[in-house]
Amino acid sequence: MVIESIDNIEVAYELGKINNIEMPILNTVYDILYKDLSPKEGVARLMQREKKSEY
């Protein structure tokens, strides 16, 4: 399996935290790669998010 830009995930994750930017897809991918979240649980978490207006 090839994952493009995997080296940037950690940087983007940290920048989001520093700048208080909500990035649910990036956070889920980070949790799957680095915090042992299963992909199935990650997708479920994203699909169960409360709907809201996003830009």
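Calculation rules
- Residues numbered from 1 in each chain as written.
- Predicted model: local features only at pLDDT ≥ 70, side-chain atom pairs only at ≥ 80, totals over all residues.
- Heavy atoms only, no water.
- Helix = DSSP H or I, 4+ residues; strand = E, 2+ residues; numbered from the N terminus.
- Buried < 20%, exposed > 50% of the residue type's maximum accessible area, 1.4 Å probe, protein only.
- Contact = heavy atoms within 4.5 Å.
- pLDDT = per-residue confidence, 0-100.
- Axes fitted to C-alpha atoms, helices over the stretch in contact; angles between N-to-C directions.
- Parallel < 35°, antiparallel > 145°, perpendicular 65-115°, else oblique.
- Left-handed = near helix turned anticlockwise from the far one by under 90°.

**Considering the side chain of Thr-28**
Mapping Thr-28 onto the fold places it in helix 2 (residues 24-34). Overall, Thr-28 belongs to the buried group, its relative accessible area being 4%. Not counting chain neighbours up to four residues away, the residues in contact with Thr-28 comprise Leu-37, Gly-42, Arg-45 and Leu-46.

**Here we look at the confidence of the model for the chain**
Chain-level pLDDT for the chain is 91 on average; 96% of the residues reach the 70-or-more range. Of all helices and strands in the chain, the one with the weakest mean pLDDT is helix 1 (residues 6-18) (93), whereas helix 3 (residues 39-47) scores best (97).

**Brief notes about the packing of helix 2 against helix 3**
For any two helices packed against each other, the geometry is given by the interaxial angle and the distance between the axes. Closest axis-to-axis distance for the helix 2/helix 3 pair is 10 Å, and the angle between their directions is 160 degrees. Taken as axis vectors, helix 2 and helix 3 run roughly antiparallel relative to one another. Crossing handedness for the pair helix 2 and helix 3: right-handed. Across from Pro-24, Ile-25, Asn-27, Thr-28, Asp-31 and Ile-32 in helix 2, the residues of helix 3 making contact are Pro-39, Gly-42, Arg-45 and Leu-46.

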